[in-house]
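# A structural walkthrough
These are the residues of each chain, in order.
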Amino acid sequence: MKLDELGLVPRSRGRLITSRTVNTFILSPILFNCYISDLPPIFDDTCTPPQLADKPLSCLLYADDLVIMSETAQGLQNALHKLGENCQTWKLKVNTTKT
């Protein structure tokens, strides 16, 4: 598949890339990892994470899936609030149809 068919135009032609990548394009997982690499540390003690071997385990990441865990309803609400702030900062949307 050619880059221009995907809506991606290389800079060497003097134009900017203006559209998002499709899921089958190699950049999709790389860009996703860049966006989520700072995600686990945002869930602090206010999120009341469960402990595993005396270490807090507030979330699990696998591929493009995220599981948020908390021992309390308030902790889970705090985690969702922090996730919402992070998504707003990075201009991301949670796909609520998959949750």
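Now for a description of the structure that goes with this document.

### Some details on the nonpolar core
- Within the largest apolar cluster, nine residues are counted, these being Ile36, Leu39, Phe43, Cys47, Cys59, Ile68, Ala79, Leu83 and Cys87.
- Broken down by element, the residue count for this core peaks at three residues, all from helix H2 (residues 73-90).
- What Leu83 contacts, discounting residues up to four positions off in sequence, is Leu39, Ile42, Phe43, Leu66, Ile68 and Val94.

### Considerations on the side chain of Ser58
- In this fold, Ser58 is placed in the loop between strand S2 (55-56) and strand S3 (59-62).
- Given the relative accessible area of 9%, Ser58 is considered buried.
- Setting aside chain neighbours within four positions, we find Ser58 in contact with Pro40, Phe43, Pro49, Val67, Ile68 and Met69.

Calculation criteria
- Residue numbers restart at each chain and count upward from 1, following the sequence in its written direction.
- With the structure being a predicted model, the display of local features is reserved for residues of pLDDT at least 70 and the display and counting of side-chain atom pairs for 80 or more, all residues being used for whole-chain, interface and lining totals.
- Excluding hydrogens and water, the side-chain figures rest on all heavy atoms present in the structure.
- What is meant by a nonpolar core is a set of buried Ala, Val, Leu, Ile, Met, Phe, Trp, Tyr and Cys residues, joined one to another through side-chain atoms within 4.5 Å.
- Between buried and exposed lies partly exposed: a residue is buried under 20% and exposed over 50% of the maximum accessible area for its type, with that area taken using a 1.4 Å probe on protein chains only.
- Every helix listed is a DSSP run of H or I at least four residues long, and every strand listed is a run of E at least two residues long, numbered separately from the N terminus.
- The contact rule is simple, with two residues in contact once any of their heavy atoms fall within 4.5 Å.

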